[in-house]
Amino acid sequence: ETAVHWVPDDAPFSGTLFPVAEPYRKPVSLSWKVWQEGESVAGFWQTIPGGAIPDSHWVLVQSNESGEVEGVEVADMVGDAIVGSVRRGGNWALSRDTVAPKVIPYYSGTPLVENGDAVWFVDDDLSGVEDVELSIDGRWARCVWDPKRNMVTYKASDGIHPVGQTCQVKLVAEDASGNQTLWDRTLSWLSP
């Protein structure tokens, strides 16, 4: 089995994991010590201010030589370190994902399309969409998530929605880091 080794970059929270070309058989754990308030960061002539290290929304970001994101893995605070597992080598850096997914209706003002279905585009810039949940007038409604097209569809043929009257529609999208977006509007289906 190939030995895995880490070469840190000049930046404090990044480096390259070797070998780069092949996926690993088992996940490799990467961790960074969390400095405490008032502690100095070696080589950076800085002191960590109070409350500077949040305990959530951490991710490991893999990027190529051009700086484009190739992969993201969620990391967690474990004791006095931030820890995440990866299954491939390459350039990895510790980052935070605090931006919630974007939810955009199919048309600028409404998700309703010609056949009566409701369609939204859901996109997340970093850790990826983890879950979507739809409710109509407080009742759970089945929706289909198509990750290749970043599309959520509610089929009008499911019949959860009332016809000819307004109803409250809520779509919640959550990314892998726990950031959520709520799309909350009233809609009216005119035909079944």
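So, here's what we can say about the structure. (Residues numbered from 1 in each chain as written. Predicted model: local features only at pLDDT ≥ 70, side-chain atom pairs only at ≥ 80, totals over all residues. Heavy atoms only, no water.)

### Some remarks on the overall build of the protein chain
(1) Moving on: When helices and strands are tallied, the protein chain shows 0 helices and 17 strands.
(2) Moving on: Out of the 192 residues in the protein chain, the part that is buried amounts to 35%.
(3) Moving on: Looking at the protein chain alone, contacts between residues at least 24 apart form 56% of all its contacts between residues at least 6 apart. (Helix = DSSP H or I, 4+ residues; strand = E, 2+ residues; numbered from the N terminus. Buried < 20%, exposed > 50% of the residue type's maximum accessible area, 1.4 Å probe, protein only. Contact = heavy atoms within 4.5 Å.)

### Thoughts on the pattern of salt bridges
(1) Moving on: Applying the stated criterion across every chain yields a total of 4 salt bridges.
(2) Moving on: In this structure, Asp117 engages Lys155 in a salt bridge whose closest nitrogen and oxygen atoms are separated by 3.8 Å. Taken together, the residues span a long stretch of sequence, with Asp117 in the loop between strand S10 (102–105) and strand S11 (118–123) and Lys155 in the loop between strand S15 (151–154) and strand S16 (166–175) at a distance of 38 residues.
(3) Moving on: By relative accessible area, which is 36% here, Lys155 ends up partly exposed.
(4) Moving on: A salt bridge links Asp146 to Arg149, with the shortest nitrogen-to-oxygen separation between them at 3.8 Å. (Salt bridge = Lys/Arg side-chain N within 4 Å of Asp/Glu carboxyl O.)

### As for the nonpolar core
(1) Moving on: In this structure, Trp120, Tyr154, Val169, Leu171 and Trp189 are the most contacted members of the largest nonpolar core, which totals 18 residues.
(2) Moving on: Secondary structure elements with two or more residues in this core: S11, strand S12 (129–136), S15, S16 and strand S17 (180–188).
(3) Moving on: Take this core: its biggest share by element is 4 residues, from S16.
(4) Moving on: Among residues more than four places away in sequence, those in contact with Trp189 are Leu112, Gly116, Ala118, Ile136, Tyr154, His161, Pro162, Val163, Gly164, Gln165, Cys167 and Val169.
(5) Moving on: Core analysis: the second largest hydrophobic core is formed by 13 residues, Tyr24, Leu30, Val34 and Val86 among them. (Core = buried A, V, L, I, M, F, W, Y, C linked by side-chain atoms within 4.5 Å.)

### Topic: the sheet that holds strand S1 (residues 5–8)
(1) Moving on: Read from one edge to the other, the open sheet built from 7 strands follows the order S1-S2-S9-S6-S7-S8-S3, with strand pairing classed as antiparallel. Each edge of the open sheet carries a strand with a single partner, namely S1 and strand S3 (23–33). Sheet twist, expressed as the mean angle between neighbouring strand axes with direction ignored, is 30°.
(2) Moving on: Across 6 bridges, strand S6 (residues 58–63) lies against strand S9 (residues 90–96) in antiparallel orientation. Looking across to S9, one finds that Leu60 is bridged to Leu94. (Pairing = 2+ DSSP bridges. Axes fitted to C-alpha atoms, helices over the stretch in contact; angles between N-to-C directions.)

### Observations concerning the packing of aromatic side chains
Remark: the centre distance and the inter-plane angle together describe each pair of aromatic rings, the angle taken between the planes.
(1) Moving on: For the structure on display, the rule yields 4 aromatic pairs.
(2) Moving on: With centroids separated by 4.9 Å and ring planes inclined at 90°, the aromatic side chains of Tyr106 and Tyr107 adopt a geometry described as edge-to-face.
(3) Moving on: For Tyr106, a relative accessible area of 38% puts it in the partly exposed group.
(4) Moving on: Considering the side-chain rings of Tyr106 and Phe121, the 5.8 Å spacing of their centres and the 20° angle between planes classify their relative orientation as stacked. Here the residue Tyr106 occupies a position in the loop between S10 and S11, and Phe121 occupies one in strand S11, the gap between them amounting to 15 residues.
(5) Moving on: Clustering of aromatic rings is evident, with ring pairs tying together Tyr106, Tyr107 and Phe121. (Phe/Tyr/Trp six-rings, centres within 6.5 Å; stacked < 30°, edge-to-face > 60°.)

### Some words on the pairing of S17
(1) Moving on: As judged from the 9 bridges shared by S16 and S17, these two strands associate in the antiparallel manner. Bridged to Val172 within S17 is Leu182.
(2) Moving on: A loop of 4 residues connects S16 with S17, the two strands running antiparallel in sequence, and Gly178 in this loop sits at a positive phi of about 90°.

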